[in-house]
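Next come the chains, spelled out residue by residue.
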Amino acid sequence: MANIAITRSATPGQTPADETLRFGKVFTDHMFLMNYDAGKGWHDPRVVPYAPFTLDPATCVLHYGQAIFDGLKAFRGPDGRIRIFRTPDHAARLNRSAGYLCIPQIDPLMIESAIRKLVEVDQRWVPHLAGTSLYIRPTVIATEAFLGVHPSSSYLFYIIAGPVGAYYPEGMNPVRILVSDKYVRAVQGGLGAAKTAANYAASLFGAQEAEQAGYTQVLWLDGIHRRDLDEVGTMNIMLRINDEVITPPLTGAILAGITRDTALTLMRDWGWKVSERTISIDEVTNAAKNGSLKEMWGTGTAAVISPVGELGYKGENFVINGGKTGELTQKLYDAIVGIQYGTAPDPYGWADPVETEIAASRSAA
Ligand code: COI
C-alpha cells in the first residue's frame, strides 16, 4: 500500500470551545486526498492543508450526481485516548456505495489508513466534552469534465473532519417525526442503500414541509405501497411493541446503518427478541392506540440514538411513552456511548484506538 504523504498547514486554526459545538459547521486544519485516473488506478494518497477545490464547470459530479460519502466519528475518552468507531465497517460501506454508483473500488486498508492518518494529524481537534466528537466525512466525487451521462474516468477521494456536538438541536431529548405519505425517498432497485447525494436531495422538500409543520424529521415509507416503514434519512428506525424490537429489513431501499447493526447486536446479546421485518405504518399506529407501542428511536452515526417522542401521520399525532425517552432507548445510548468513549468493555473490538501524542508519550515514559 502506498505511503500517505503529509504536508502540514502553515496556518493552523483556532479550535472552538467544546460547549459551542453544533454539527457540521467547523472543519480541521487538514484533509486527505487521493486521485483516480482510468489506466492508472488510485494514486497519490496525501494529507494536505484544508482548502477549497477548483472544479471545471462541466465536472460531471455537478451535473449527474456521481458522488458517495460516509460518516464516522472519533471520540476522546476520559483517559485522553482517541478511538474511531468501527472504521473497517465504514470503509466496507463506502465501497458498497461505490459499487452502486459505478465508482472504482478503493483498497479498504487504504481507506482505514487514510482515516486514521487524518485523525492523527488533526488530533488536537478531537473535542474533550462528553457528547462531542470528531465527525469524519470520507467522500468520492466524479471529476471528469464532460456533458453526457456515463461514469467518469477520473475521481477524487477526499476526507474532511470537524468537531461536532449533537446532530439534532434536541440532543438526546425526544424528537417529533412526521410520517410522509406524500413523498418518497427511494425505491427497491434504486439507490436507497447507497450513501449518495441523490438520496439526501430527494429528502429535502418533504423535510422542509415537515419542519414547517413543527417536526424535526420525516419517516419515509416504502416507495411502492407507501405502507411499510423505511428509514428517516438521517437515521434507521427501531421500535418496541411489547417485548419485540422491530426494525425494517435491509431490502436495498434503506441504508445499512452501522449504528443500526451496533444496536441490534447489543440487544440480541441482552436477550431481546429482535426482528428485522417489514412493519406497516398501520401496525405502528394501532400499537400506539392500544398501548403496546412502548418505545421508538432512531439510530445513526450523527445522531447516535435519538428517541422519538411523537409521530405525526395523516393529521393525527401519536405520543410515544408519554413523550419521554424509553428505558431500552436510554440503555442503548449509554452502552454505545460507553464503548465509543472507552468507558465500557468493547467485546467486539469496535473502538479503534488512534496513536495520540498522549498515548505515545505514555508508552515512551
Ligand atoms: C450520518 O449519520 O453520519 C449521516 O451521514 C447523516 C447525515 C445526514 C449527517
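Remember, predicted model here, so these are calculated numbers, not experimental data.

Enquirer: Quick one: what's the story with the environment of G39, residue by residue and with numbers?
Expert: Relative to the assigned elements, G39 resides in the loop between β2 (30-37) and β3 (41-49). In this structure G39 comes out as exposed when scored by relative accessible area, which is 91%. C-alpha of G39 to C-alpha of E276: the two residues are 237 residues apart in sequence and 42 Å apart in space.

Enquirer: Give a detailed account of the site of the ligand, specifying residues and quantitative values.
Expert: Around the ligand, the structure places F69, G71, Y135, R137, Y167, K195, T234, T301 and A302. Contact between the ligand and Y135: an oxygen atom at 2.5 Å from a side-chain N or O atom of the residue. Bound to the protein, the ligand loses 91% of the 280 Å² it would expose on its own. Taken together, the residues of the shell around the ligand sort by class into four nonpolar, three polar and two charged. Looking at which domains feed residues into the shell around the ligand, each of domain 1 (5-165 + 343-364) and domain 2 (175-325) supplies at least three.

Enquirer: Please provide a residue-by-residue account of the pairing of strand β13 (residues 273-276), values included.
Expert: With four bridges joining them, strand β12 (residues 244-247) and β13 adopt parallel strand pairing. Bridged to V245 within β13 is V274. For the crossover that starts at β12, traverses helix α5 (residues 258-269) and ends in the parallel β13, the hand is right-handed.

Enquirer: Residue-level account of helix α7 (residues 327-340), with values.
Expert: If you check α7, its first and last C-alpha atoms are 20 Å apart, about what 14 residues at 1.5 Å a residue would give, namely 20 Å. Of the positions making up α7, those classed as buried are L328, T329, L332, A335, I336, V337, G338, I339 and Q340. G342 sits one or two residues past α7 and shows a positive phi near 75°.

Enquirer: Break down the packing of helix α2 (residues 87-100) against helix α3 (residues 108-121) for me, with residues and values.
Expert: Between two packed helices, what matters for the description is the angle formed by their axes and the separation of those axes. Contact geometry for α2 and α3: axes closest at 9 Å, N-to-C directions at 125°. Taken together, the axis directions place α2 and α3 in an arrangement best described as oblique. Relative to α3, the crossing made by α2 is right-handed. Along its contact with α2, which presents T87, P88, A91, L94 and N95, the element α3 presents P108, I111, E112 and I115. Within the contact of α2 with α3, the residues separate by chemical class into six nonpolar, two polar and one charged.

Calculation notes
Residues numbered from 1 in each chain as written. Predicted model: local features only at pLDDT ≥ 70, side-chain atom pairs only at ≥ 80, totals over all residues. Heavy atoms only, no water. Helix = DSSP H or I, 4+ residues; strand = E, 2+ residues; numbered from the N terminus. Buried < 20%, exposed > 50% of the residue type's maximum accessible area, 1.4 Å probe, protein only. Near = heavy atom within 4 Å. Polar contact = N/O pair within 3.5 Å; in protein donor to acceptor, adjacent residues only side chain to side chain. Areas by Shrake-Rupley, 256 points an atom, 1.4 Å probe, with all protein chains shown as cover. Nonpolar A, V, L, I, M, F, W, Y, C, P; charged D, E, K, R; others polar. Domains from an automatic or database assignment. Pairing = 2+ DSSP bridges. Right-handed = clockwise from strand over helix to strand, strands pointing away. Expected span 1.5 Å × (residues − 1). Axes fitted to C-alpha atoms, helices over the stretch in contact; angles between N-to-C directions. Parallel < 35°, antiparallel > 145°, perpendicular 65-115°, else oblique. Left-handed = near helix turned anticlockwise from the far one by under 90°. Contact = heavy atoms within 4.5 Å.

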